[in-house]
Amino acid sequence: MHPRFSRRTTLAATALAAISVPAAAHAQGDPAPRKERPAVAQARSAPRWGRGGPHRGPWDRQPTGQTLREARPNAVGLDAGVLKELPGIIRAGLDYDPARFSGASLLVASQGGIAYEHADGYALRWQDTSTELPESERIPARTDTIYDLASISKIFTAVAVMQHVERGELGLDDLVADHLPRFAEGGKGGVRIQHLLTHTGGLPAFINLYSAYPDKASRIDAVLTVAPKAGPGEQYEYSDLGLITLGLIVEQLSGMGLDEYVRAHITEPLGMSETMYNPPAELKDRIAATEYVEHYGRLVHGHVHDENAYSLGGVAGHAGVFSTARDLAVFAQMFLGGGRYGRARILQPETVQDMFTDRIAKVTGVGGARRGLGPELEAWYYHAGLTSPYSGVHTGFTGTSLVIDPLTDTIVILLTNSVHPTREWSTTSVTRREVSSCVAHALGVVPKEVRGGWHAGEDDDTTATLSVPVTLSGEDPVLHLQLFSHLETAYDVLTVEVTADGGETWQGLDGRLEAKHQEDVAVSAGQITGWGERAVWDGVFPLVSERVSLRGEVEVRLRLVTDEATHGLGAWVSRIRVAEVSGDVLDTDRRADAQLVVADGWTRGA
């Protein structure tokens, strides 16, 4: 990531400008960098999977109850050799200046098998923002280190809400004010439960509860009576306040504290014995420390980092859950198991599908955020190489992330303490992306048939061109490309174009992409973007200018442009062919023709 996209610095500066010290953690889950409008206005993001359709979607699942087990990588579809790159990725984050995190615990599971675990760095390293502890007083990170999950807590709250929906005690279309009448103040009477789950309730992202109000009762009242920024369903605004409100509804309906409810109905049935709110003092040596807070003159270690959650007693709908990588993997496997894990049924399979189905595309538009009923979907900024319209689920401000790829039944958990000793240091999202992409390569997401071709787009802020000259007779010439693309939707774009005047002007080619078991994809002006459906496509592009076949010397070019932050696996082109009525006039499967290709920023595979 480009240095100026460091969220830590931006967030801290914004918070400090708005409120008195200490700056609020704002539990945002380390969202994607703010971006200008996307490079392309239209992009197909997903095949038409859905209930009643010809194909079952990846979240249309039977409740298998599959439990996790130890497994060798190759037994669950992972290349062990590629996974060996993961320790180096973690170490690079630790050695970055300033360190992206002090310690990390990583887990990769696929097809129900825990195939890889790794830990490095320190759960406790710093005494304050400038003083490191002596080696003898540090606590190394371990695979069973307990981390403050921060906003991943929101997914536990979402599950609790959906359990009440299943029981008929709550409806997604219920007005929030019907359950919490104070919420109607400020013109919020039209906000519904599903608006809060999808962050489209019009609520502000954050208000200061911990120092602006004297007690828990006044803080809760401030949440319920906050003035909206927009009407319900009008815009997407990631908001802690909506999840705090949902947590209050769970408490009201169940007659239990949110922590008690989550323990009784989620973590205990799943056997997640090391997942909890407000961990006891005797576990402190196993808990990753977070931030040194100058205002308090102490290190936050053993209790929730988020100031608002702390001011609410450590239990809130938006933050407060602590867990280990192994426990969180069980939670994730429950989703992959259609709501079941072993004999424990947490959700119905239809509910899981609803939770992981996007609800906000019409609000956010092409290249915008995607949200289900709680989970974050298609999040290129940390799903990276595993991104699809179905990938989920969430990150946490403290440096935690959970990714589920339902297309391969893969779970990637990276737990770090990136705010130790200060939130001012760099973001974990670079490491998150590198981990996710490494796992994608280990899964073979890039198909074998294209790996020997040219590839580009694996770095940010680049322009790469792949060009080849060809002489045309004008006999209905058609460009054929064998390609794989996995590009950040609407922001990273591969353009197929041609010039007939020596490069003075370039024309994007209209065409289509064809692949087995896939619907054809129309390509306008040569622009290709998005996740590519993990298919190898045959691109078909008639070489025409103003509907007249091109003749004579022309140059065909593939131009790949990535923006300044976030990318997928890039694009891979294994064959370029130009056919006319009389036969092929160019085919890079022929050695002589392949040598005509000029690659600038593209690399040829082995």
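Above: the structure in question.
How each quantity is defined
Residues numbered from 1 in each chain as written. Predicted model: local features only at pLDDT ≥ 70, side-chain atom pairs only at ≥ 80, totals over all residues. Heavy atoms only, no water. Phe/Tyr/Trp six-rings, centres within 6.5 Å; stacked < 30°, edge-to-face > 60°. Helix = DSSP H or I, 4+ residues; strand = E, 2+ residues; numbered from the N terminus. Buried < 20%, exposed > 50% of the residue type's maximum accessible area, 1.4 Å probe, protein only. Axes fitted to C-alpha atoms, helices over the stretch in contact; angles between N-to-C directions. Parallel < 35°, antiparallel > 145°, perpendicular 65-115°, else oblique. Contact = heavy atoms within 4.5 Å. Nonpolar A, V, L, I, M, F, W, Y, C, P; charged D, E, K, R; others polar. Pairing = 2+ DSSP bridges. Core = buried A, V, L, I, M, F, W, Y, C linked by side-chain atoms within 4.5 Å. Salt bridge = Lys/Arg side-chain N within 4 Å of Asp/Glu carboxyl O.

**Focus: the packing of aromatic side chains**
Item 1. For the structure shown, the criterion picks out 7 aromatic pairs.
Item 2. When the centroid spacing of 4.0 Å and the interplanar angle of 20° are considered together, the rings of Trp 59 and Phe 356 count as stacked. Of the two residues, Trp 59 sits in the loop between helix H1 (7-18) and strand E1 (69-70) while Phe 356 sits in the loop between helix H12 (349-355) and helix H13 (361-364), which places them 297 residues apart along the sequence. In terms of burial, Trp 59 and Phe 356 fall into one category: buried.
Item 3. Their ring planes at 80° and their centres at 5.3 Å tell us that Trp 126 and Trp 425 sit as a pair that is edge-to-face. In this pair, Trp 126 is assigned in the loop between strand E3 (113-124) and strand E4 (139-140) and Trp 425 in the loop between strand E16 (410-416) and helix H15 (429-443), connecting sequence segments 299 residues apart.
Item 4. Look at Trp 126 and you get buried, because its relative accessible area is 11%.

**Side note on the environment of Thr 489**
Item 1. Along the chain, Thr 489 turns up in the loop between strand E19 (478-486) and strand E20 (493-499).
Item 2. Judged by relative accessible area, Thr 489 falls into the buried class, the value being 7%.
Item 3. The sequence separation of Thr 489 and Trp 531 amounts to 42 residues, and the corresponding C-alpha distance is 7.0 Å.

**Details of the packing of helix H4 (residues 153-166) against helix H9 (residues 258-270)**
Item 1. Between H4 and H9, the shortest axis-to-axis distance is 10 Å and the interhelical angle comes to 75°. Classed by the angle they form, the pair H4 and H9 counts as roughly perpendicular. Here H4 contributes Phe 156, Thr 157, Val 159, Ala 160, Gln 163 and His 164 to the contact with H9, which in turn contributes Leu 258, Tyr 261, Val 262, His 265, Ile 266 and Thr 267.
Item 2. Class assignment for the residues of the contact of H4 with H9 results in 7 nonpolar, 5 polar and no charged.

**What to know about the sheet that holds strand E6 (residues 276-277)**
Item 1. Taken in spatial order, the 3 strands of this open sheet run E5-E9-E6, and their pairing is antiparallel. Looking at the sheet topology across the chains shown, the edges are occupied by strand E5 (147-148) and E6.
Item 2. Direction of pairing for E6 relative to strand E9 (residues 321-323): antiparallel, over a ladder of 2 bridges. Counterpart to Tyr 277 in the pairing with E9 is Val 321.

**Quick word on the nonpolar core**
Burial of nonpolar side chains together is a common tendency in soluble globular proteins.
Item 1. One finds Phe 156, Leu 270, Phe 331 and Phe 335 to be the most contacted residues of the largest nonpolar core, which totals 93 residues.
Item 2. Residue contributions to this core peak at 9 residues, all from helix H11 (residues 325-336).
Item 3. Discounting residues that sit within four places of it in the chain, Leu 270 has contacts with Val 330, Phe 331, Met 334, Tyr 341, Ala 344 and Ile 346.
Item 4. If you look at the next biggest cluster of nonpolar residues, it comprises 36 residues, including Trp 454, Leu 472, Val 498 and Ile 576.

**Thoughts on the pattern of salt bridges**
Item 1. All told, the structure shown has 28 salt bridges when counted by the stated rule.
Item 2. Put simply, Glu 185 and Arg 182 hold a salt bridge, and the shortest N to O gap is 2.2 Å.
Item 3. Assessed through its relative accessible area of 35%, Glu 185 is described here as partly exposed.
Item 4. Residue Arg 182 is classed as partly exposed on the basis of its relative accessible area of 37%.

**Some points on unusual backbone geometry**
Item 1. Cis peptide bonds are those with omega within 30 degrees of zero, and the linkage from Asp 97 to Pro 98 qualifies with 0°.
Item 2. Within the secondary structure layout, Pro 98 lies in the loop between helix H3 (86-95) and strand E2 (103-110).
Item 3. Cis geometry marks the peptide bond from Gly 392 to Val 393, where omega comes out at 20°.
Item 4. Along the chain, the position of Val 393 falls in strand E14 (residues 392-396).
Item 5. Positive phi is not limited to glycine here, since His 199 has a value of about 60°.
Item 6. Looking at where His 199 falls in the secondary structure, it is placed in the loop between helix H6 (193-197) and helix H7 (216-224).

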